[in-house]
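# Coordinate inspection notes
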Amino acid sequence: AAMPFDTAPQATAKRPTQAQVLAMVETLAARMKSNPDDPKGWALLARSYAALGRFQESADAYGEAVKRSPGDASLLADQADALAMAQRTIQGTPTDLVGEALAIDPQNHKALALAAASAAERNEFDKSLDYWHKIARLMPPDSDSTREVAAVIADTEKQRAAAKSPPPPSTVAHSHAETSAA
């Protein structure tokens, strides 16, 4: 697998090979095992694992950082993100972690974005849009981030409209039971 920084503009500079990167990460992991009380070290290890696509190990390392740095909304959001990548869904524990992060810092952008993604994954598009609008209000006007959020909002509104539109005629015959019960 290509490393994320392979495409970076400074790619012409001497960059570490994948083997060197793995060696650095293993060294850091060994250092954290012998000196586990450093939340910054755990967070660095977690980010390193995520960059290597090792999301479960990343989530575990964020968990260690969270234990040693209670009340850090950003670490909780990062842990939720890594765990969601590891289990390929944000439902369950990642969503619980996002809730904890937002309880600490209701304006944490990453936690809000993850909460929005979680709601959308459950087809709760109104709730998802509430989170995205909150993020939009926290952004500086006319920034790239603001434009990205506006695009996501537009996309989520399209998903909501599609979810609300009646099914195509071919499926209507099969869904009479649901419609009469609704």
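Residues numbered from 1 in each chain as written. Predicted model: local features only at pLDDT ≥ 70, side-chain atom pairs only at ≥ 80, totals over all residues. Heavy atoms only, no water.

Counting secondary structure elements, the protein contains 10 helices and 0 strands. Along its sequence from the N terminus, the protein presents helices and strands in the succession α-α-α-α-α-α-α-α-α-α. Going through the 182 residues of the protein one by one, you find that 33% of them count as buried. The long-range fraction of contacts in the protein, counting pairs at least 24 apart against all pairs at least 6 apart in sequence, stands at 44%. Working note: accessible area of the protein is about 11100 Å², and carbon and sulfur atoms make up 57% of it. (Helix = DSSP H or I, 4+ residues; strand = E, 2+ residues; numbered from the N terminus. Buried < 20%, exposed > 50% of the residue type's maximum accessible area, 1.4 Å probe, protein only. Contact = heavy atoms within 4.5 Å. Areas by Shrake-Rupley, 256 points an atom, 1.4 Å probe, with all protein chains shown as cover.)

What follows deals with the pattern of salt bridges. Counted under the stated rule, the structure contains 12 salt bridges. With a shortest N-O distance of 2.7 Å, R160 and D126 are connected by a salt bridge. Of this pair, R160 sits in helix α8 (residues 144–164) while D126 sits in helix α7 (residues 125–138), and the two are 34 residues apart along the sequence. A residue is classified by how much of its surface remains accessible, and D126, at 41% relative accessible area, is partly exposed. Between D144 and R147 there is a salt bridge, with its nearest N and O atoms 2.8 Å apart. Remark: R147 and D144 occur in helix α8; sequence separation between them is 3 residues, near one turn of the helix. When salt bridges with common partners are traced through the structure, they connect D37, E64, K67 and R68 into a single cluster. (Salt bridge = Lys/Arg side-chain N within 4 Å of Asp/Glu carboxyl O.)

Time to look at the environment of S145. Inspection of the secondary structure puts S145 in helix α8. Sequence separation between S145 and I135 is 10 residues; the distance between their C-alpha atoms is 9.8 Å.

Our focus in this paragraph is the confidence of the model for the protein. Low-pLDDT portions of the prediction should not be read for the details of their coordinates. Chain-level pLDDT for the protein is 88 on average; 85% of the residues reach the 70-or-more range. Every residue in residues 2–10 is under pLDDT 50, and counting partners more than four places away or in other chains gives 10 contacts. (pLDDT = per-residue confidence, 0-100.)

Grouped together as the largest cluster of nonpolar side chains are 41 residues, with contacts concentrated most on L45, V98 and L102. For this core, the secondary-structure elements that each account for two or more residues are α1 (18–34), α2 (39–51), α3 (55–68), α4 (73–87), α5 (93–104), α6 (109–121), α7 and α8. Ranked by the residues each element gives to this core, the list is headed by α4, at 8 residues. Setting aside residues up to four positions removed in sequence, V98 forms contacts with A80, A111, L114 and A115. (Core = buried A, V, L, I, M, F, W, Y, C linked by side-chain atoms within 4.5 Å.)

This brings us to the packing of α3 against α4. Where α3 meets α4, the closest approach of the two axes is 8 Å, and the angle between their N-to-C directions is 160°. For the element pair α3 / α4, the angle class is roughly antiparallel. Pair α3 / α4 crosses with left-handed handedness. Residues F55, Q56, S58, A59, Y62, G63, A65 and V66 of α3 pack against L75, L76, D78, Q79, A82, L83, M85 and A86 of α4. (Axes fitted to C-alpha atoms, helices over the stretch in contact; angles between N-to-C directions. Parallel < 35°, antiparallel > 145°, perpendicular 65-115°, else oblique. Left-handed = near helix turned anticlockwise from the far one by under 90°.)

Here the focus is the side chain of S58. Examined against the element boundaries, S58 turns out to sit in helix α3. Residue S58 is classed as buried on the basis of its relative accessible area of 0%. When neighbours within four sequence positions are excluded, S58 is seen to be in contact with A46, Y49, A50 and A82.

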